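Examining the three-dimensional arrangement
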Amino acid sequence: HVAVIDFGSQYTQLIVRRVRELGYFAKLYALEEFPDIGKPGAIILSGGPKSTSEPDAPDIDFEALSGFGVPVLGVCYGMQLLNIKFGGSVHASDRREYGPAKLVPAAPEGLFEGLSHESQVWMSHSDTVENLADTCSVIARNQHGTPVALSWGNGFFGIQFHPEVTHSHEGTRILHNFLLQAEKLEPFRIEDFKKEVIDGIRATVGDKQVVCGVSGGVDSTVLAVLLNEAGVNVRAIFVDHGLMRKDEGDEVRNNFHRMGVPIETVEASELFLSRLAGVTEPEKKRDIIGNLFIDVFWDAVGDAEMLAQGTLYPDVIESASNAKSKASKIKTHHNRVDRILELQAEGKVLEPLAELFKDEVRALGKSLGIPHDILHRHPFPGPGLAVRCPGEVTQDRLEIIQDCDAIFINKLKDSGWYDRVWQAYAALVPVKTVGVKGDERSYEWAIALRAVISEDAMTADWVELPYQLLRETSHEILNEVAGINRVLYDISTKPPASIEWE
Ligand code: XMP
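Everything quoted here is computed from the prediction, not taken from an experiment. (Residues numbered from 1 in each chain as written. Predicted model: local features only at pLDDT ≥ 70, side-chain atom pairs only at ≥ 80, totals over all residues.)

**Concerning the packing of helix α5 (residues 190-205) against helix α13 (residues 358-367)**
For the pair α5 and α13, interaxial distance at closest approach is 10 Å and the crossing angle is 80°. Put simply, α5 runs roughly perpendicular to α13. Touching Ile190, Glu191, Phe193 and Lys194 of α5 are Glu360, Ala363, Leu364 and Ser367, all from α13. Residues of the contact of α5 with α13, tallied by class, amount to four nonpolar, one polar and three charged. (Axes fitted to C-alpha atoms, helices over the stretch in contact; angles between N-to-C directions. Helix = DSSP H or I, 4+ residues; strand = E, 2+ residues; numbered from the N terminus. Parallel < 35°, antiparallel > 145°, perpendicular 65-115°, else oblique. Contact = placed C-beta atoms within 7 Å. Nonpolar A, V, L, I, M, F, W, Y, C, P; charged D, E, K, R; others polar.)

Take a look at the structure:
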């Protein structure tokens, strides 16, 4: 694998991401973990916010680093640090160079093989190298002649810019060229990973019973199928809170049946609806659903010997790198409630997907024989249709949303648009307006259709669906769904809107 050592740059996770995209297994290590990083085939030292001249600047055990005998790439701070370790010096400056620069390699080889002329790279640093060690050669400069890439021989390289950000137009190529120097590095194959992870599960679980919650979503489905494939004693529990899409409960059960994994359903729709009665405040609704879900789930679990969770790598590195930030608190609320923390302390929590990114989970799912339609389902929020139902959640409102949503989703699937959008759904607009149905005046609610594209759900853009598709969807909804006399299309970007309505 490729060990990425974190010096605190906001981009460190992206380095891991890029290396994975290049087909090699990368793992992020906190500096404190070094040198316990297994047997890496290559090492990357990330950038960081500090200056190497500060008294408490993060340092690395250079002897241990050299001892691995594998290529090392220092990025930004990583490069400055290597330069000092090799006997050079760094010029500290208060002024930060931030933004694009041109890369002028000394020769079109090594890290820079195959690059276009004066490729754009992205800078974000204040220190610059001053004196260079005798062993050091400048392998690239910027357009002003300042050294921006160094080589010290024996596979040690440094680059001042950030190859991991997309603003470095050929950054991925540079990373790839670096990895090609690593003779001991094996490409990552999901089949090997599957075998390894299954062996790991068997060794940890033995003949204990493992409980996991399933929702029908990609992560929990892959998790359950993986456990089943490992042949351990697994209980997959599906809490049906009644806030699912139309016929979704049956679909989830059928899918699991199809894949040969037994699941237990806890039918809790009435309980959820009764607790939601009269509640209109969005955060209150979320709170009720979240807490009740946990109660119902643990009630069904009883005395668990082990619990498996579908935690993914982005959650792990996010909580590790900003342990105190708000972002990780949101996740904490989600995955690490008290009961789970207790089990975790006792070593009873299994997170076999915790090293994978989403697309790798899909690849694993594919190699486990999980059908395409399950692996490429749109994301669905934990509180379900409640966040698409402003105001009170009632059975008749849910049914309207489900019917409209099913019509819309089917149209998207039939036209090939489903796989091209990140998420699509129908939300109720519980405002009555006047219309005519037949010869009668109608006074009914509106439904809003929303379809967005997104990379990571942090930002989103609405999709320019064909008018014909919208026309047919609207026509069918107005004809088929009682209680709706108006169809709207949501053309709001995120930000400032969010993807969901609550
Ligand atoms: P927003 O509405 O915040 O949604 O733009 C971003 C993405 O997150 C999903 N979402 C949730 N997922 N539990 C989840 O598991 C939740 O409470 C939750 N709220 C929103 C939403 O569907 C979108 O993909």
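**Details of the nonpolar core**
Residues Val2, Val210, Cys212, Leu227 and Cys404 are the most contacted members of the largest nonpolar core, which totals 119 residues. Here this core gets eight residues from one element, more than from any other, and that element is helix α15 (residues 395-414). When residues no more than four places from it in sequence are discounted, the contact partners of leucine 227 are Ile201, Val210, Cys212, Val232, Val234 and Ala308. (Core = buried A, V, L, I, M, F, W, Y, C linked by C-beta atoms within 7 Å. Buried ≥ 20, exposed ≤ 12 C-beta atoms within 10 Å, placed from the backbone.)

**Notes on α13**
Here α13 has its buried residues at Val361, Arg362, Ala363, Leu364 and Gly365. Those residues of α13 hidden inside the fold are in contact with α5, α6 (218-229) and α14 (372-375). Residue glycine 369 follows α13 closely and has a positive phi angle near 85°.

**Things to note about the site of the ligand**
By nearness alone, every residue bordering the ligand is listed as Pro379, Pro381, Gly382, Pro383, Gln423, Ala457, Lys494, Ser498, Ile499 and Glu500. Among the residues forming the shell around the ligand, the class breakdown is five nonpolar, three polar and two charged. (Near = placed C-beta within 6 Å.)

**Some remarks on the packing of α15 against helix α16 (residues 467-480)**
For the pair α15 and α16, the least separation of the axes is 10 Å and the interaxial angle reads 150°. As far as their axial angle goes, α16 and α15 are roughly antiparallel. Pair α15 / α16 crosses with right-handed handedness. Along the contact surface, α15 presents Asp403, Cys404, Ile407, Phe408 and Lys411, while α16 presents Leu469, Glu472, Thr473, Glu476, Ile477 and Glu480. Along the lines of polarity and charge, the residues of the contact of α15 with α16 split into five nonpolar, one polar and five charged. (Left-handed = near helix turned anticlockwise from the far one by under 90°.)

**Focus: the environment of leucine 111**
One can find leucine 111 in the loop between β6 (97-105) and β7 (119-125). Look at leucine 111 and you get buried, because 22 C-beta atoms sit within 10 Å. When the C-alpha atoms of leucine 111 and leucine 175 are compared, they prove to be 7.5 Å apart, with 64 residues separating the residues in sequence.

**Some remarks on the sheet that holds strand β2 (residues 26-30)**
Backbone-to-backbone hydrogen bonds join strands into a sheet, with any given pair of strands oriented parallel or antiparallel. If you walk across this open sheet you meet the nine strands as β2-β1-β3-β4-β11-β10-β9-β6-β7, and the pairing is mixed. Edge strands, defined here as strands with exactly one partner in the open sheet, are β2 and β7. Neighbour-to-neighbour, the strand axes of this sheet turn through a mean angle of 30°, independent of strand direction. Pairing of strand β4 (residues 72-75) with strand β11 (residues 156-159), which is carried by four bridges, proceeds in the parallel orientation. Residue pairing across strands places leucine 73 opposite phenylalanine 157, the latter belonging to β11. (Pairing = 2+ DSSP bridges.)

**A closer look at the UniProt feature "binding site: ATP" (unreviewed entry) in the protein**
Within this structure's numbering, the places UniProt gives as "binding site: ATP" (unreviewed entry) are Ser215, Gly216, Gly217, Val218, Asp219, Ser220 and Thr221. Topologically, serine 215 is positioned in the loop between β12 (209-213) and α6. Residue class for serine 215 comes out partly exposed when judged on the 19 C-beta atoms lying within 10 Å of it. One can find valine 218 in helix α6. For valine 218, a count of 22 C-beta atoms within 10 Å gives the class buried. Not counting the four nearest positions on each side in its chain, valine 218 is found in contact with Val361, Arg362, Gly365, Leu375 and Arg377. (UniProt positions renumbered as here; feature names shortened; annotations may be inferred.)

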